[in-house]
Amino acid sequence: EYIEHQSEMKQCPRCGATTVAPFPGGVEKNIQYGTNIKSLAVCLMQYQLIPLQRTRELLRDLFHIEVSQGTLVNWTRELHHKVAPAEVEIVQQLKQSDTVHADETGMFCENTLHWVHVVGTSSLTHLQMHHKRGSEAIDAIGIIGSLRGRAIHDFWSPYFKYDIEHGICNAHLIRELTAAYENDMQPWALEMKKLLLRIHERVEQAKAQNKRSL
C-alpha cells in the first residue's frame, strides 16, 4: 500500500509571506517506508531471529521491495530508541515484583560468545546481552541486586552473592535429580523427583479448581 501526502502552499498577496501546510507526524522524507513494514522487519529479526539477508529476501519476495542490510539495522536502532522508556518502566516493575525468574543463555555475537540475561515474571520480560555471564553482567543490568522480592534461578553461584531471597528452579532440580539417579545410582533421587512432580500436579489441579470456582 502506497500513501501519497500533498501539502498546499499559500502566499499572502499583501505581505508576501508563504504558509505551508504541515505533513502528518513521522513523514520526514520524500520517499520512506511506513511503520507497518518497519515493525514487521524488526519483529522478524529480533523476535523470530531471522538473519538480515533472509529478512531482505522475505521482504523482497512478499512485498517486492529492496531493502539493504544497513536500512534494516537502522530500523532496529530506531525502534530501540523508541522503546527505551518502556524498558526503564519494565526494569522498575521487575525490581518491585514479589517473585522474578532469572536465567542466562549463550549466544554468539560478532563471532564471540556472549550471554543473554533474562529476568521476568508472568507479564514482564527483560532481555539484555552481555559479554559476561556472572556477577559483572548481573551488576551492569542492575535488576537482581535491587530486588524487593525473591529470585528463582538455577543455583548458578553468582546469584547467591546478592542479599535477597532465593528460590531454586524446579525444572533444574528435576534435571539434577535425574542425573543423580541415572549417573550416580542414587535411588533417593528418583523418589524425590516423583514427589516434586506429584506436588506440581496437585498445585496445577488446585489452580484449575480455583478458576472453575471463580
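Residues numbered from 1 in each chain as written. Predicted model: local features only at pLDDT ≥ 70, side-chain atom pairs only at ≥ 80, totals over all residues. Heavy atoms only, no water.

1. Brief notes about the overall build of the protein
Here is step 1: Per the secondary structure count, the protein includes 7 helices and 7 strands.
Here is step 2: When the helices and strands of the protein are placed in sequence order, the string is β-β-α-α-α-α-β-β-β-α-β-β-α-α.
Here is step 3: The C-alpha atoms of the protein give a radius of gyration of 26 Å, which is well past the 17 Å a tight globule of 214 residues would have.
Here is step 4: A principal-axis box enclosing the C-alpha atoms of the protein has dimensions of 95 × 40 × 40 Å.
Here is step 5: By residue count, 25% of the 214 residues in the protein fall in the buried class.
Here is step 6: Accessible surface, the protein: about 15,800 Å² in total, of which carbon and sulfur atoms supply 53%.
Here is step 7: Treating the 23 positive side-chain charges of the protein as one cloud and the 25 negative ones as another, the clouds have centres 3 Å apart. (Helix = DSSP H or I, 4+ residues; strand = E, 2+ residues; numbered from the N terminus. Rg over C-alpha atoms; globule rule 2.2 N^0.38 Å. Buried < 20%, exposed > 50% of the residue type's maximum accessible area, 1.4 Å probe, protein only. Areas by Shrake-Rupley, 256 points an atom, 1.4 Å probe, with all protein chains shown as cover. Lys, Arg positive; Asp, Glu negative; His and termini not counted. Charge placed at Lys NZ, Arg CZ, Asp CG, Glu CD.)

2. Considering the pairing of strand β3 (residues 99–109)
Here is step 1: Pairing geometry for β3 and strand β6 (residues 150–153), over 3 bridges, is parallel. Across the sheet, H101 pairs through a bridge with I152, a residue of β6.
Here is step 2: The pairing of β3 with strand β4 (residues 112–120) spans 9 bridges and is classified as antiparallel. Looking across to β4, one finds that F108 is bridged to L113.
Here is step 3: Hairpin connection between β3 and β4: a loop of 2 residues separates the two successive antiparallel strands, and E110 in this loop has a positive phi of roughly 55 degrees. (Pairing = 2+ DSSP bridges.)

Coordinates in, geometry out; function isn't part of it.
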